[in-house]
Amino acid sequence: MAEDLYKVLGVSKGASDEEIKKAYRKLARKYHPDRNPDDPSAEEKFKQVQGAYDTLSDPEKREEYDHGGSPFEGFAGRGPFTAGPAGQGSFVDLGDILSSMFGRGGGPRGFPQQPGRDLETEVPLSFKQAIEGTQLTVPVGSKRYKVNIPAGVKNGARIRVAGKGEAAPEGGPPGDLYVVTRVMPSPVFKRLDGGNLEVTVPITVVEALRGATIEVPTLEGTKKIKVGPGTRHGSIQRLKGEGAPKPKGKGRGDVRYRLEIEMPGELTEEQEKAAEALAETFNGADPRADLLRKAGTR
């Protein structure tokens, strides 16, 4: 039974073209005969990897393979010697067969060229650039490339620029360039998952007790939200769709406002009197009584 081509590359049947290409490049480097001159098994493995990639990277061949066909049917029954016209024997060039199977363009010993190495560089981004997206000119060696940074990109994201990596020896395909983003933090907005942001908003004791309508920052300016009467410290209010763009253009996230009650460091004489008057309205109620009762201390 022929070996599963997806297993040869170490990918699932539903792998994307990019995943297949990435797996092929990794294995091609690992098993290339020029890197393993004393290991015949590496040469055989390299042929398997190249053959699998030749099929799975071609949409028509891949579809035929997935439906039970074989991309190698054209070579069935062909060896170094086949029957020619009128029963005369004729030799078939094995090199032609391998070239058809694995592509022409060869390096030493007729094997396909090893691809160039991928390169990686980092770029600094302001919080605003990361949220809105931008285009940067990125220097690599003596060359400069324009790179589009998508809106909503997060710190540590890797953006692929195809074919801009290191050139391959002897004319093989070049590697890719990966641009890693380093986003400066915002003094106001904290990044969460899925394009969501969080802002810590201080409120006064009176606003927490009575309730209020307060102004809060957004990415576009400011908006007003309502604080309900009796709001607790750490309560969350949310503005939907006011966050950062979500990955792959799936709308925007939300902004979560964490309300924190700001306590005064020292009370004025007037505030002391107001606090005493407020305490009297609670008739000496102990908010910890239920807790202590449950703990068995009362």
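Below is a short write-up of the structure.

Here we look at the sheet that holds strand β13 (residues 255–261)
Here is step 1 of the chain: In spatial order, the strands read β8-β9-β13-β12; together these four strands make up an open sheet with mixed pairing. Single-partner strands in this sheet number two, and they are β8 (190–191) and β12 (235–239).
Here is step 2 of the chain: Looking at chain direction, β8 and strand β9 (residues 197–203) are connected through two bridges and run antiparallel. Across the sheet, the residue bridging to Lys-190 is Glu-198, located in β9.

Brief notes about helix α4 (residues 59–66)
Here is step 1 of the chain: Capping the start of α4 is the job of one residue whose side-chain oxygen sits 3.0 Å from the backbone nitrogen of Glu-60: Asp-58.
Here is step 2 of the chain: Backbone geometry just downstream of α4 places Gly-68 in the positive-phi region, at approximately 95 degrees.

Observations regarding the packing of aromatic side chains
Think of a pair of aromatic rings as described by two things: how far the centres are apart, and how the planes are tilted against each other in angle.
Here is step 1 of the chain: The tally for this structure, following the rule as stated, stands at three aromatic pairs.
Here is step 2 of the chain: Ring geometry for Phe-127 and Phe-189: centres 6.1 Å apart, planes at 5 degrees, overall stacked. Of the two residues, Phe-127 is situated in helix α6 (residues 127–132) and Phe-189 in the loop between β7 (177–183) and β8; the sequence distance between them amounts to 62 residues. Across the pair, Phe-189 and Phe-127 agree in class, each one buried.
Here is step 3 of the chain: Stacked on the ring of Tyr-178, the Lys or Arg Arg-158 has its end atom at 4.3 Å from the ring centre.

Here is what the cut-offs are and how they apply
- Once a new chain begins, its residue numbering starts again from 1 and follows that chain's sequence as written.
- Owing to the predicted nature of the model, reporting of local features is limited to residues with pLDDT of at least 70; listing and counting of side-chain atom pairs is limited to 80 or more, with chain, interface and lining totals taken over all residues.
- Excluding hydrogens and water, the side-chain figures rest on all heavy atoms present in the structure.
- Criterion used throughout: strands pair if DSSP finds at least two bridges between them.
- Put simply, DSSP marks the helices as runs of H or I at least four residues long and the strands as runs of E at least two long, and each gets a number from the N terminus on.
- Within 3.5 Å is the distance limit for a polar contact, defined as a pair of N or O atoms, with the added protein rule that one can donate a hydrogen and the other accept it, and that residues adjacent in sequence qualify only through two side-chain atoms.
- Only the six-membered ring of Trp is used, alongside the rings of Phe and Tyr, when aromatic pairs are assigned; centres must lie within 6.5 Å, and planes under 30 degrees apart are stacked while those over 60 apart are edge-to-face, with the rest tilted.
- Exposed residues in this analysis have more than 50% of their type's maximum accessible area, buried residues have under 20%, and partly exposed residues fall in between, with area computed by a 1.4 Å probe over protein chains only.
- Charge-over-ring contacts are defined here by two conditions on Lys NZ or Arg CZ: a distance within 6 Å of the ring centre and an angle within 35 degrees of the ring normal.

Fair warning: the whole summary comes from geometry, so function is off the table for now.
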